[in-house]
Amino acid sequence: MHQLWLLVPWVVFALAAGVKFWRLTQPFRRQLAEPSTEQVRASLERSWNSR
């Protein structure tokens, strides 16, 4: 048996883990995306009103 075949399961595992990690962190990456002008305005109004 060729020894490179032993790497195939590890490559499949690494790809699956990467895809799973990407999907799990997707909501956090969306939240860190640049907010819209409307969101910034609403945030500033909330902080101003809380004083």
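Refer to the structure presented above.
No experiment lies behind these values; they were computed from the predicted model shown.

A closer look at the pattern of salt bridges
As enumerated under the stated definition, the model contains 2 salt bridges in all. Glutamate 38 is the salt-bridge partner of arginine 41, the closest N and O atoms lying 2.2 Å from each other. Here the residue arginine 41 and the residue glutamate 38 both occupy positions in helix H2 (residues 37–49), the gap between them amounting to 3 residues, near one helical turn. Classification of arginine 41 as partly exposed rests on a relative accessible area of 38%. Arginine 41 is paired through a salt bridge with glutamate 45; the nearest N and O atoms lie 2.6 Å apart. With arginine 41 and glutamate 45 both in helix H2 and 4 residues apart, this pair spans about one turn of that helix. Residues joined by salt bridges that share partners form a network here, namely Glu38, Arg41 and Glu45.

About the criteria used
- Sequence order as written defines residue numbering, which begins from 1 separately in each chain.
- For a predicted model such as this one, the threshold for reporting local features is a pLDDT of at least 70, and the threshold for listing and counting side-chain atom pairs is 80 or more; totals across whole chains, interfaces and linings nevertheless cover every residue.
- Derived side-chain values reflect all non-hydrogen atoms in the structure, with water molecules and hydrogen atoms excluded from consideration.
- Note on definitions: salt bridges are taken to be side-chain nitrogens of Lys or Arg within 4 Å of carboxyl oxygens of Asp or Glu.
- Numbering of helices and strands starts at the N terminus; helices are DSSP runs of H or I of at least 4 residues and strands are runs of E of at least 2.
- Throughout, exposure labels follow a simple rule: accessible area from a 1.4 Å probe, protein chains only, divided by the maximum for the residue type, with under 20% read as buried, over 50% as exposed, and the rest as partly exposed.

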